[in-house]
Amino acid sequence: MTRNNSERARQEYYERLRPNDLAPLWEVMSSLVTPEPASACRPAIWHYEQIRGQVHEAGTLITAKEAERRVLILENPGLVGQSRITTSLYAGLQLILPGEVAPAHRHTQSALRFVVEGNGAYTAVEGEKTLMHEGDFVITPSWAWHDHGNDSDEPMVWLDGLDIPITALFDASFAQPLGEDVQPLSRPLGDSNARYGAGLLPVDVEQRPTSPVFSYPYERTREALALLARTSEWDPCHGVRMKYVNPTTGGYAIPTMATFMQLLPAGFSGDTYRSTDATVFSVVEGAGHIELPEETFRWGKRDTFVVPSWCPYRLVAEDESTLFSFSDRAVQEKLGFWRETREAEG
Ligand code: 1HN
């Protein structure tokens, strides 16, 4: 048989397989099992000063209540139409104006909030209100009732991170409205932080998949990093980088999404790093740039940027800077997938 004949015979065979719901592995095997991660996710940056106007414009077109959640999705340019910032994670910027409420509901997807702009709006989670301030990291656990409101006199914008694509992979999405805008409160302000976030735990506490500390205020995070930056050695790639933990397990605060805060001292020039967890960064303070294989992004306060899986990058900070970040590393570590490499300069 000539090559053309055998190719034709194969194609004809593949067509006969289809009605039986069969397909030849050998035609697709190399794209299924790649020697290294081959992601459609691309590096991208959202400069806050460029998009802030459009985020706030949404506030003139739809109310938080009407929208249920008034959010602009941060859609990865390599994953257009998929509502994803990475292959496994969703992110968006949510706006809530003074006097508004975003009605109570719950869903199996876990959420993180990272406050980008504004002070004094609240989120209520499982009967407890938490006031939010710039740089705070706040958790909504899977299947927990949550509503948001803004009793302050300024708009608030936060970065939402959700494990929507992970939940979709497992076809495990459930969601319900409470039927009331605002859930009844059963605990006072500060309860979860007193009970679980003060270096203490109730003596008979049980392990929980998600941290019962709903809020990790920036003020405390910042103070810890400032001291460590003066007194401990900096990581050559990450500066001083800490992870947020669930005090009942010692693991990541959210079972599906690892969250971090890092401080880059002024003049920091990092070594090249890559890891299998595509990572979303939100800049709290400072200015600098990130060097990637095909481009360099300048970043500053309130910008969001994303680095795909296994993409080498190097962080440089002009001013002392703090970066919040999140990724699916929490899942990858549990599954034994997670890897990293580091390369010193020169
Ligand atoms: C959600 O419930 C919130 O509660 C934010 O603030 C973003 C994106 C998709 C589905 C549910 C929130 C969301 C979401």
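For the structure itself, look to the data block above.
Residue numbers restart at each chain and count upward from 1, following the sequence in its written direction. It should be noted that, the model being predicted, local features are given only for residues of pLDDT at least 70 and side-chain atom pairs only at 80 or more, the latter also being counted only at that level, while totals for whole chains, interfaces and linings use all residues. Heavy atoms throughout the structure, all of them, feed into the side-chain values; hydrogens and water do not.

### Quick notes on the site of the ligand
Item 1. Being near a molecule or strand, for a residue, comes down to having at least one heavy atom within 4 Å of it. Close to the ligand lie Arg 69, Tyr 90, Gln 94, His 105, His 107, Arg 113, His 146, His 148, Asp 160, Leu 162 and Ile 164, which account for all nearby residues.
Item 2. One of the side-chain nitrogen or oxygen atoms of His 107 is found 2.7 Å away from an oxygen atom of the ligand.
Item 3. The term polar contact refers here to a pair of N or O atoms within 3.5 Å; inside protein, the definition further demands a hydrogen-donor-capable atom paired with an acceptor-capable atom, and it admits residues adjacent in sequence only when both atoms are side-chain atoms. Here His 146 contributes a side-chain N or O atom positioned 2.8 Å from an oxygen atom of the ligand.
Item 4. About the coverage of the ligand: the protein hides 81% of its 330 Å² of free accessible area. Every accessible area reported is derived by Shrake-Rupley at a probe size of 1.4 Å, with residue values counting cover from the shown protein chains alone.

### Some thoughts on unusual backbone geometry
Item 1. One non-glycine residue, Asp 21, adopts positive backbone phi at about 55 degrees.
Item 2. Non-glycine residue Glu 126 carries a positive phi angle of around 45 degrees.
Item 3. Along the chain, the position of Glu 126 falls in the loop between strand S6 (122-125) and strand S7 (128-131). Every helix listed is a DSSP run of H or I at least four residues long, and every strand listed is a run of E at least two residues long, numbered separately from the N terminus.

### Considerations on helix H7 (residues 218-231)
Item 1. A helix's residues, less one, multiplied by 1.5 Å, set its expected span. Its 14 residues place the ends of H7 20 Å apart at the C-alpha level, agreeing with the 20 Å of an ideal helix rising 1.5 Å per residue.
Item 2. If you check which residues of H7 are buried, you get Tyr 218, Thr 221, Arg 222, Leu 225 and Ala 229. Down the axis of H7, the buried side of the element spans an arc of 95 degrees, and every buried residue falls inside it. Seen from the buried face of H7, the exposed residues on the opposite side, beyond 90 degrees, are Glu 219, Glu 223, Arg 230 and Thr 231.
Item 3. Where H7 is buried, its residues meet strand S12 (215-216), strand S13 (240-243), strand S14 (258-264), strand S16 (279-285) and strand S21 (321-327). Buried means the residue's accessible area, taken with a 1.4 Å probe over protein chains only, is under 20% of the maximum for its type, while exposed means over 50%, and partly exposed covers the values in between. As used here, the arc is the angular range of directions from the helix axis to the C-beta atoms. Whether two residues touch is decided by their heavy atoms; if any such pair falls within 4.5 Å, the residues are in contact.

### Quick look at the sheet that holds strand S1 (residues 44-46)
Item 1. At least two bridges found by DSSP between two strands is the condition for calling them paired. Pairing is antiparallel in the open sheet, where six strands are placed in the order S1-S19-S16-S21-S14-S13. Strands at the two margins of the open sheet, each flanked by one partner only, are S1 and S13. Ignoring strand direction, the axes of neighbouring strands in this sheet form an average angle of 20 degrees.
Item 2. Bridge count for S1 against strand S19 (residues 304-307) is three bridges, and the pairing is antiparallel. Note on S19: the bridge partner recorded for Ile 45 is Phe 305. A fitted line through C-alpha atoms serves as each axis, taken over the contacting stretch for helices, and the angle formed by two N-to-C directions is quoted from 0 to 180°.

### So, the sheet that holds strand S17 (residues 287-291)
Item 1. Strands sit in the order S18-S17-S20 across an open sheet of three strands; the sheet is antiparallel. The open sheet terminates on both sides in strands that have one partner only, identified here as strand S18 (296-300) and strand S20 (314-317). Strand after strand, the sheet turns through a mean of 20 degrees between neighbouring axes, direction not considered.
Item 2. As judged from the five bridges shared by S17 and S18, these two strands associate in the antiparallel manner. Pairing of Ala 287 across the sheet is with Gly 300, part of S18.

### Concerning the packing of aromatic side chains
Item 1. The pairing test for Phe, Tyr and Trp rings, Trp by its six-membered ring, is centres within 6.5 Å, and the orientation test on the planes gives stacked under 30 degrees, edge-to-face over 60, and tilted for anything in between. Under the definition given, this model contains 14 aromatic pairs.
Item 2. With centroids separated by 6.0 Å and ring planes inclined at 50 degrees, the aromatic side chains of Tyr 13 and Tyr 14 adopt a geometry described as tilted.
Item 3. Their ring planes at 40 degrees and their centres at 5.7 Å tell us that Phe 137 and Phe 324 sit as a pair that is tilted. One end of the pair, Phe 137, is in strand S8 (residues 137-140); the other, Phe 324, is in strand S21, and 187 residues separate them in sequence. Grouping residues by exposure puts Phe 137 and Phe 324 together as buried.
Item 4. Clustering of aromatic rings is evident, with ring pairs tying together Phe 114, Phe 137, Tyr 216, Tyr 244, Phe 324 and Phe 326.

Don't take any of this as a statement about function, it's just geometry.
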